[in-house]
Amino acid sequence: MTDGKEAREAEVSGGGPLVVLENVNKFYGDHHVLKDIDLTIHRGEVVVVIGPSGGGKSTLCRTINRLEPIDGGTIRIDGKPLPEEGKALAQLRADVGMVFQSFNLFAHKTILQNVTLGPIKVRKADKTEAEQRAMELLERVGIASQAEKYPAQLSGGQQQRAAIARALAMRPKVMLFDEPTSALDPEMVKEVLDVMINLAAEGMTMVVVTHEMGFARASANKVVFMADGQIVEENTPGEFFTNARSDRAKDFLSKILTH
Amino acid sequence: MNWNVLLDFSPLADNSDKLLSAFWANIRISVTVGILSLVLGTLITAMRVSPVRVLRVAGAFYVNTLRNTPLTLVLLFCSLGLSDTLKFRISHTPSINFFWLAVLGMSVYTAAFVAESLRAGINTVPMGQAEAARAIGLTFTQSLRMVIMPQAFRAVIAPLGSVMIAMIKNTTVVLVASYYEAASLMKDMFEQYGATLPIFIGFAVGFMCLTLPTGFFFNWLAKRMAVVR
């Protein structure tokens, strides 16, 4: 695991910027949820976003594929600014994988159909090839035997792994994880984190909003600490957990790490 | 009191061939209207949830207008207004012309109710389903067609059954659009035999033969197709 991370760090230093947020601002009515956010995510980098609830972490994650439109600033993916709406935006979203807190698997489709829908309808892939690749991905996340079942028949951990497979099926440039383990029973957290750790080790560019400090320590290249809509601190995980620079982060860590 | 007339079912037996062909007219109208109103109602619903404001307003206007106009008026507009006054003829054969005018009037009317049911169905589909659909790169239309609508439909199969039952019973109103069906025959039989109880019962049972199975079918389908969350 650590070897993978070190190998990747060498790679990361060579990879150019993939996702660049500049001076991003967002309001919900009068509530200023994102304040002058500047963040660069390099190719192959794993960025973990942590911080107190209501601090804007999820909103930040969701602006990257424009599930939340922004009110100011720019977001560029692979050099191109995010399109406003329509076909161009759909094309861009196909390149950005997203994993939600509540899985959001299509309830009326089987696990296999969930994974093949995007490749067939968006990438215009051949059905047989799409199914073959979907089965490989389901194998990789360990739920190939559940392929013909419907989402409601699976446990939360299995559903979330299926959702990861669905996102990977699009061959995304970057994966966004919006609190992927927060809705899971404790004993299912590990199976999902293991999949994510493997993904990180394989060099996937990832933005992960999470409360899982273990994952941050094991896989992150960078920790972004957010509070009150601002990025308070950007640091390496090693530095952040042992020697955080900001008082706000120290206060947050003292509350979660003492238990 | 003449009890013989009250319990005499012979007028029904004597006219059994007319009865069958009259009810066959209701069945043909019902099936055609059922299909057309589902298609039209789905389109109206798609307009009502679309990101384009003009379409949303047009969809809402359609539903509110048609849903709040008596069916008799809609049908009279089709027969008298379209056909007689504006000379809009679908066919030169009167029976075919009035069949399609009746179908047109009933379809645009029923579609408003289908659209309202479906919109309620869309509200049962969690927001996350649409977000996940957009996140894998489906366009708005694709998300609606492949993810949202299939789930919305499944949620409202039973209420759609009620809409269809109401529609089947509403076919009795097409006599104002000059199309001959069961209600028209009943009126003629009343004139010939008097408004006797057996004739009422006969026609009521005739309609139940159409509506009860429809209800059972939609309830069965609703259970079979239900989406488990």
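Here the residue numbers are simple positions, counted from 1 along each chain's written sequence. The order in which chains are written sets their letters, starting at A; the order in which ligands are written sets their numbers, starting at 1. Confidence filtering applies because this is a predicted model: local features only for residues at pLDDT of at least 70, side-chain atom pairs given and counted only at 80 or more, and all residues used for totals across whole chains, interfaces and linings. Side-chain metrics in this entry use all non-hydrogen atoms of the structure; hydrogen atoms and water are not considered.

> I'm lost on the overall build of chain A in this one. Help?
Numbered from the N terminus, helices here are DSSP runs of H or I no shorter than four residues, and strands are runs of E no shorter than two. When its secondary structure is counted, chain A shows ten helices and ten strands. Dimensions along the principal axes, computed over C-alpha positions, put chain A at roughly 55 × 40 × 40 Å. For each residue, the accessible area found with a 1.4 Å probe, counting protein chains only, is set against the maximum for its type, and the residue is called buried under 20%, exposed over 50%, and partly exposed in between. Among the 259 residues that make up chain A, the fraction classed as buried is 57%. In this description, contact between two residues means that some pair of their heavy atoms is separated by no more than 4.5 Å. Contacts in chain A between residues far apart in sequence, at least 24 positions, make up 68% of those at least 6 positions apart. Each accessible area is a Shrake-Rupley estimate made with a 1.4 Å probe; only the visible protein chains count as cover when residues are assessed. Looking at chain A as shown, the accessible area adds up to about 11100 Å², and 48% of this sits on carbon and sulfur atoms. The centroid of the 31 positive side-chain charges in chain A is displaced by 4 Å from the centroid of its 35 negative side-chain charges. In this charge count, Lys and Arg are treated as positive and Asp and Glu as negative; neither His nor the chain ends contribute. A charge is said to be at NZ when it belongs to Lys, at CZ for Arg, at CG for Asp and at CD for Glu.

> What should I look at first to understand the side chain of Ser-184 of chain B in this one?
All names here are of chain B. With respect to the helices and strands, the residue Ser-184 is situated in helix 10 (residues 182-193). Among the residues examined, Ser-184 registers a relative accessible area of 8% and is labelled buried. Here a polar contact is taken to be a pair of N or O atoms separated by no more than 3.5 Å, where protein atoms must pair a possible hydrogen donor with a possible acceptor and residues adjacent in sequence count only if both atoms sit in side chains. One polar contact links Ser-184 to Glu-181, side chain to side chain, over a distance of 3.0 Å.

> Even after reading the chapter, I still don't get the interface of chain A and chain B, so can you show me in this structure?
Accessible area lost during the coming together of the parts is what is often quoted as the interface size. On the side of chain B, 20 residues touch chain A, which itself brings 24 residues to the contact. Buried area: the accessible surface (1.4 Å probe) lost by two parts on joining, summed over both. Interface area, chain A with chain B, both sides summed: about 1800 Å², of which 65% is carbon and sulfur. A per-residue breakdown of the area chain A buries against chain B is headed by Phe-106, Ala-107 and His-108 of chain A, which together make up 30% of the total. Each salt bridge in this description consists of a side-chain nitrogen of Lys or Arg and a carboxyl oxygen of Asp or Glu lying within 4 Å of one another. Taken together, chain A and chain B are joined by one salt bridge. Those elements that provide at least two residues to the side of chain A that touches chain B are helix 3 (86-94), strand 6 (96-99) and helix 4 (111-121) of chain A. With four residues, the top contributor of residues to the side of chain A that touches chain B is helix 3 of chain A.

> Teacher, can you tell me more about the packing of aromatic side chains here?
Two numbers describe a pair of aromatic rings. These are the distance of the centres and the angle of the planes. Paired rings are identified among Phe, Tyr and Trp, the last through its six-membered ring, by centres lying within 6.5 Å, and are further divided according to the angle between planes into stacked (under 30 degrees), edge-to-face (over 60) and tilted (the rest). All chains considered together, the criterion is met by eleven aromatic pairs over all chains. Plain terms: the ring middles of Phe-190 of chain B and Phe-200 of chain B are 4.9 Å apart, the flat faces sit at 50 degrees to each other, and that makes the pair tilted. Of this pair, Phe-190 of chain B sits in helix 10 while Phe-200 of chain B sits in helix 11 (residues 197-225), and the two are ten residues apart along the sequence. In this structure Phe-190 of chain B comes out as buried when scored by relative accessible area, which is 19%. By way of ring pairs, the aromatic residues Phe-225, Phe-240, Phe-241 and Phe-252 of chain A are connected into one cluster. In this scheme, Lys NZ or Arg CZ marks a charge over a ring once it lies within 6 Å of the ring centre and within 35 degrees of the ring normal. In this structure, Arg-166 of chain A is placed above the aromatic ring of Phe-106 of chain A, and the distance from its NZ or CZ to the ring centre is 4.6 Å. The ring of Phe-241 of chain A carries Arg-217 of chain A above its face, with NZ or CZ at 4.6 Å from the centroid.

> I tried to follow the sheet that holds strand 5 (residues 80-81) of chain A on my own but got confused; where do I start?
Residues and elements named next belong to chain A. Pairing between strands requires that DSSP locate at least two bridges from one strand to the other. A sheet is described by the order of its strands in space; here four strands give the open sequence 2-1-4-5, paired in antiparallel fashion. The open sheet has two edge strands with one neighbour each: strand 2 (31-42) and strand 5. Where strand 1 (residues 17-28) lies against strand 2, eight bridges are found, and the strand directions are antiparallel. By the bridge assignment for strand 2, Phe-27 is matched with His-32.

> Any chance you could explain the sheet that holds strand 7 (residues 174-178) of chain A here in plain terms?
In a beta sheet, neighbouring strands are held together by backbone hydrogen bonds and run either parallel or antiparallel to one another. Residues and elements named next belong to chain A. Strand order in this open sheet of six strands is 6-7-8-3-9-10, and the pairing throughout is mixed. Looking at strand neighbours, the two that pair on one side only are strand 6 and strand 10 (230-235), the edges of this open sheet. If you compare each strand with its neighbour and ignore which way they point, the axes differ by 15 degrees on average. Sheet analysis places strand 7 next to strand 8 (residues 205-209), joined by five bridges and oriented parallel. Following the sheet pairing, Val-174 is matched in strand 8 by Thr-205. Where helix 7 (residues 186-201) meets the sheet, it contacts strand 3 (46-50), strand 7 and strand 8, and its direction lies at approximately 145 degrees from that of strand 8. Here an axis means a line fitted to C-alpha atoms, over the contact stretch when the element is a helix, while the angle between two N-to-C directions is reported on a 0 to 180 degree scale.

> When you look at the environment of Gly-238 of chain A in this model, what are you seeing that I'm missing?
Relative to the elements of secondary structure, Gly-238 of chain A occurs in helix 9 (residues 237-243). Taking the C-alpha atoms as reference, Gly-238 of chain A lies 9.2 Å from Lys-222 of chain A; in sequence the two are 16 residues apart.

> How should I be thinking about the UniProt feature "domain: ABC transmembrane type-1" (unreviewed entry) in chain B in this particular structure?
UniProt positions are given in the numbering used here, feature names are shortened, and annotations may be inferred rather than shown by experiment. UniProt's feature table lists "domain: ABC transmembrane type-1" (unreviewed entry) at residues 23-218 of chain B, given in the numbering used throughout. In residues 23-218 of chain B, helix accounts for 82% and strand for 0%; the two terminal C-alpha atoms are 21 Å from one another.

> Could you clarify how one ought to interpret the confidence of the model for chain A in this entry?
In low-pLDDT segments, the atomic positions of the prediction should not be examined closely. Averaged over every residue, the pLDDT of chain A is 91; the share at 70 or more is 94%. Per-residue confidence from the predictor is given as pLDDT, running between 0 and 100. Per-element mean pLDDT across chain A ranges from 55 in helix 1 (residues 2-14) of chain A up to 97 in helix 4 of chain A.

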